[in-house]
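Each chain, letter by letter, is given below.
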Amino acid sequence: MARDEEGIRPVSPDGEPTAQRQDTTPEKDDASATEFTLTVGDNRCPECDAVISSRYHVGCDAPVLRIGGDWTCGACGVEMRPNTSCTECGGSCDITGVEVHVDKGTSTAPEQIETAIHRETNRVRRDHGLSELAYTHHLGAIALRHSRDMAQREYFSHESPDGDGPSDRYRQHGHSNRRSGENLAKEYAHLTQSATQIARNVVEGWMNSPPHRENILRGAFDAEGIGVYVDTDGAVYATQNFC
């Protein structure tokens, strides 16, 4: 099989995509496009000046952060809100913050998310009594090109602005199998989210959508390929192609 210079990568003996993959994350030349204001909880009691204990997540010893409107642990990402009452004297406290500028793009590598989505998809299939899907890097290359195209041309659809659909992309890239199916996802990942967390969100969203669920649970499919592209605004585009 011919290799695609922009996306094909080998698979490991267990059928999962390996970490050998051309980096498709955009260059971060424009700092204004990749930074945002993060609020770090900094709570002190106005009565006794004690630091509120839940400003830090016990066990992680990390500050509580406000990211995208949600308060989370700065280390593990679990949702938690700083206390509004003093643990020393019981006095009422307002949640204040210190502004910190950080890169808003997820630090998780695209190939890690791809592997996690493949594993999560097969876990769901096993739970429904179906066989696992093999991984094909040819489909992965087709999926990656579509994810990148959606991000770069700013659309989110199975049909491209040129009118091409999944079966057209299969044919254009020399995939001769007559069976085809495609799932799409666009996820804004928190800075602290792992590949596993992102994958679970993506697959859960697909399972809650009848057409996407049908693709994942279709017994006629025996292989898949996944392409993940991370845009400069922090959006994670995922395309899952089946055959």
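Residues numbered from 1 in each chain as written. Predicted model: local features only at pLDDT ≥ 70, side-chain atom pairs only at ≥ 80, totals over all residues. Heavy atoms only, no water.

(A) Geometry of the nonpolar core. Grouped together as the largest cluster of nonpolar side chains are 24 residues, with contacts concentrated most on I113, I117, V203, W206, I216 and V228. Secondary structure elements with two or more residues in this core: α2 (110-127), α5 (195-207), β8 (223-230) and β9 (235-242). Among the elements that make up this core, the one with the highest residue count is α5 (7 residues). Setting aside its immediate chain neighbours within four residues, I113 contacts T108, A195, I198, A199, V228 and V236. Judged by nonpolar contacts, the second largest core, of 7 residues, contains M150, Y155, L184 and A235. (Core = buried A, V, L, I, M, F, W, Y, C linked by side-chain atoms within 4.5 Å. Buried < 20%, exposed > 50% of the residue type's maximum accessible area, 1.4 Å probe, protein only. Helix = DSSP H or I, 4+ residues; strand = E, 2+ residues; numbered from the N terminus. Contact = heavy atoms within 4.5 Å.)

(B) Broad picture of the pairing of strand β7 (residues 181-188). Burial within β7 is extensive, with 6 of its 8 residues counted as buried. Pairing between β7 and β9: 8 bridges, direction antiparallel. Across the sheet, the residue bridging to E182 is N241, located in β9. (Pairing = 2+ DSSP bridges.)

(C) How the structure looks around the packing of aromatic side chains. Tallying each qualifying case throughout the model produces 1 aromatic pair. Taken together, a centroid distance of 5.2 Å and an interplanar angle of 10° make the contact between F221 and F242 stacked. Here F242 lies in strand β9 and F221 lies in the loop between α6 (210-216) and β8, a separation of 21 residues in the sequence. (Phe/Tyr/Trp six-rings, centres within 6.5 Å; stacked < 30°, edge-to-face > 60°.)

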